[in-house]
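A structural walkthrough
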Amino acid sequence: MSGKVEVTIESYIESPEKLKSLYRRVLIVVSLSQIFGGAGLAAGITVGALLAQQMLGTDAYAGVPSALFTLGSAGAAFIVGKLSQRYGRRTGLSTGFIVGGLGAIGVVMAAIFNSVSMLFISLLIYGAGTATNLQARYAGTDLANDKQRATAISTTMLMTTFGAVLGPNLVELMGKVALSIGIPALAGPFLLSAAAFIVAGLVLFVMLRPDPLEIAKEIEAHKQKYAQEHQVQSTHPIGNKRGLAVGATVMVLTQIVMVAIMTMTPVHMKHHGHGLSEVGIVIGFHVGAMYLPSLVTGILVDKVGRTAMSIAAGVTLLLAGLLAAFAPSDSMVLLIVALSLLGLGWNFGLISGTAQIVDATEPSTRAKTQGKMDVFVALAGASGGALSGMVVANASYAALSLAGGLLSLLLIPVVIWSRRAV
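Criteria and thresholds
- Residues numbered from 1 in each chain as written.
- Predicted model: local features only at pLDDT ≥ 70, side-chain atom pairs only at ≥ 80, totals over all residues.
- Heavy atoms only, no water.
- UniProt positions renumbered as here; feature names shortened; annotations may be inferred.
- 1 Å grid on protein atoms, 1.4 Å probe; cavity = no way out; pocket = protein on both sides within 12 Å on 5 of 7 lines; lining within 4 Å.
- Points joined across faces, edges and corners; volume = space filled by probe spheres on them.
- Helix = DSSP H or I, 4+ residues; strand = E, 2+ residues; numbered from the N terminus.
- Patch = residues over 30% accessible without salt bridge, like charges linked within 9 Å, V, L, I, M, F, W, Y side chains within 5 Å.
- Areas by Shrake-Rupley, 256 points an atom, 1.4 Å probe, with all protein chains shown as cover.
- Salt bridge = Lys/Arg side-chain N within 4 Å of Asp/Glu carboxyl O.
- Buried < 20%, exposed > 50% of the residue type's maximum accessible area, 1.4 Å probe, protein only.
- Contact = heavy atoms within 4.5 Å.
- Polar contact = N/O pair within 3.5 Å; in protein donor to acceptor, adjacent residues only side chain to side chain.
- Lys, Arg positive; Asp, Glu negative; His and termini not counted.
- Charge placed at Lys NZ, Arg CZ, Asp CG, Glu CD.

Within an unreviewed UniProt entry, the label attached to the protein chain reads Sugar phosphate permease, and the organism entered is Lysinibacillus fusiformis. Heading Subcellular location (unreviewed entry) of the UniProt record for the protein chain holds this comment: "Cell membrane".

**Some words on empty space enclosed by the protein**
Enumeration over the complete set of coordinates arrives at three cavities of 30 Å³ or more. What the largest cavity holds in volume is close to 220 Å³. In this structure, the largest cavity is lined by 21 residues; those nearest its centre are L41, T70, T130, L134 and Q255. Only α2 (16-56), α3 (64-87), α5 (116-139), α10 (241-271), α11 (276-291) and α15 (366-394) provide two or more residues apiece to the lining of the largest cavity.

**Structural notes on a nonpolar patch on the surface**
Together, I98, L102, I105, M109, I112, F113, M118 and L202 make up a nonpolar patch on the protein surface, roughly 690 Å² of accessible area in all. Top contributing element to the nonpolar patch by residue count: helix α4 (residues 89-113), with six residues. Within the secondary structure, I98 sits in helix α4. Given the relative accessible area of 31%, I98 is considered partly exposed.

**What to know about the environment of D142**
For D142, the location among the structural elements is in the loop between α5 and α6 (149-169). Setting aside residues up to four positions removed in sequence, D142 forms contacts with R89, P212, L213, A216 and R366. A polar atom in the side chain of D142 sits 2.8 Å from the side chain of R89.

**Points about a positive patch on the surface**
A surface patch of positive charge is lined by K82, R86, K368 and K372. Looking at the positive patch, the elements with two or more residues in it are α3 and α15. For K372, the location among the structural elements is in helix α15. Judged by relative accessible area, K372 falls into the partly exposed class, the value being 38%.

**Describing the pattern of salt bridges**
Within this structure, the stated rule accounts for seven salt bridges. Among the ionic pairs, E17 bridges to K20, the shortest N-O distance being 3.9 Å. Separated by three residues within a single helix, E17 and K20 lie in helix α2, roughly one turn from each other. For the salt bridge of E214 with K217, the shortest nitrogen-to-oxygen distance reads 3.1 Å. Highlighted residues: E214 and K217, both in helix α9 (residues 212-229), separated by three residues, approximately one helical turn. Judged by its relative accessible area of 18%, K217 falls in the buried class. Via salt bridges that share partners, R149, D302, R306 and D359 belong to a single interconnected network.

Set out below in structure tokens:
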């Protein structure tokens, strides 16, 4: 290690105030990137299923786009985690966002040439932006203590709200922009996704210095060296396999339920006479509920506990599924409430599950382990997206929503087991 870096590390170890200042700066930079990342994510979510429906001419495979970009995000989550572990958060996250932006450009090109194969490949690549947008939440926790972690996660997620709510509500405008330059209307939102993801990557690449994970690893190594030299027992928790298992299960179940119902809601609405602008409103409320409550959720997870908030996630998702299943199809108000509850339940589950993952890892292996956990989350989303279209085609949207709500109840025995296990 160079003398300059050594002096930097020592300065953070010797000055808690300087470390706190860096922690706050990291949160600001990651939050800024999340504003753009949220816009890139939400725009694609809103019209992905509709674009596939238009190009394929059937509803049965309308869930394929969601499945593809979540499958792509699974591979990207692993790669971004490995890159972050080896080279730092700055390199891993900026690379993931920029690759996702290139995937969005590919989706636009596929729509122009009406190429289904190009669409599918591009959606896989677009998934890198989705994975990175989710993994960025970990960067804020690298320098946080155990009483700040959920709040740090929720702070970065909160900032995603601005872009995530704006994205779906720009669908109609971007459609008009696309038509004005000779591009299919449904490809328009992916123009926004491309620009937003690339800008998010550039923000992180330019501004995330010094790298929080590198600082955290060096501080931890210094503490361990000090403990060995002075024969003091390290207070840093070792890897906790039970914590990893419970955290991953909470995130996986909430992801399956959320993605499945969310994916088919635009198709369900279109079948019952709702226009693209109305779809944008419902999805906008949904995505807002996914992120806007984050600051309060983080405080609750840190104060009330991971277990209580995981159970709250299951109950909220159940209510969302029941309401979506039994609400009249022409009721915009009830659809908005149902999709808002769906987003809120996902928010509870993701933040409480993520906090458990961070609690169970240490800096020397943290990013790599987090990447692996997000692979399972992404695969869960891919499964939910792929199966959702088939369930609706062979049964109904109500059946899908009811099944999702009931599945979410599995969260309760899982977290109870985590408390009782020795």
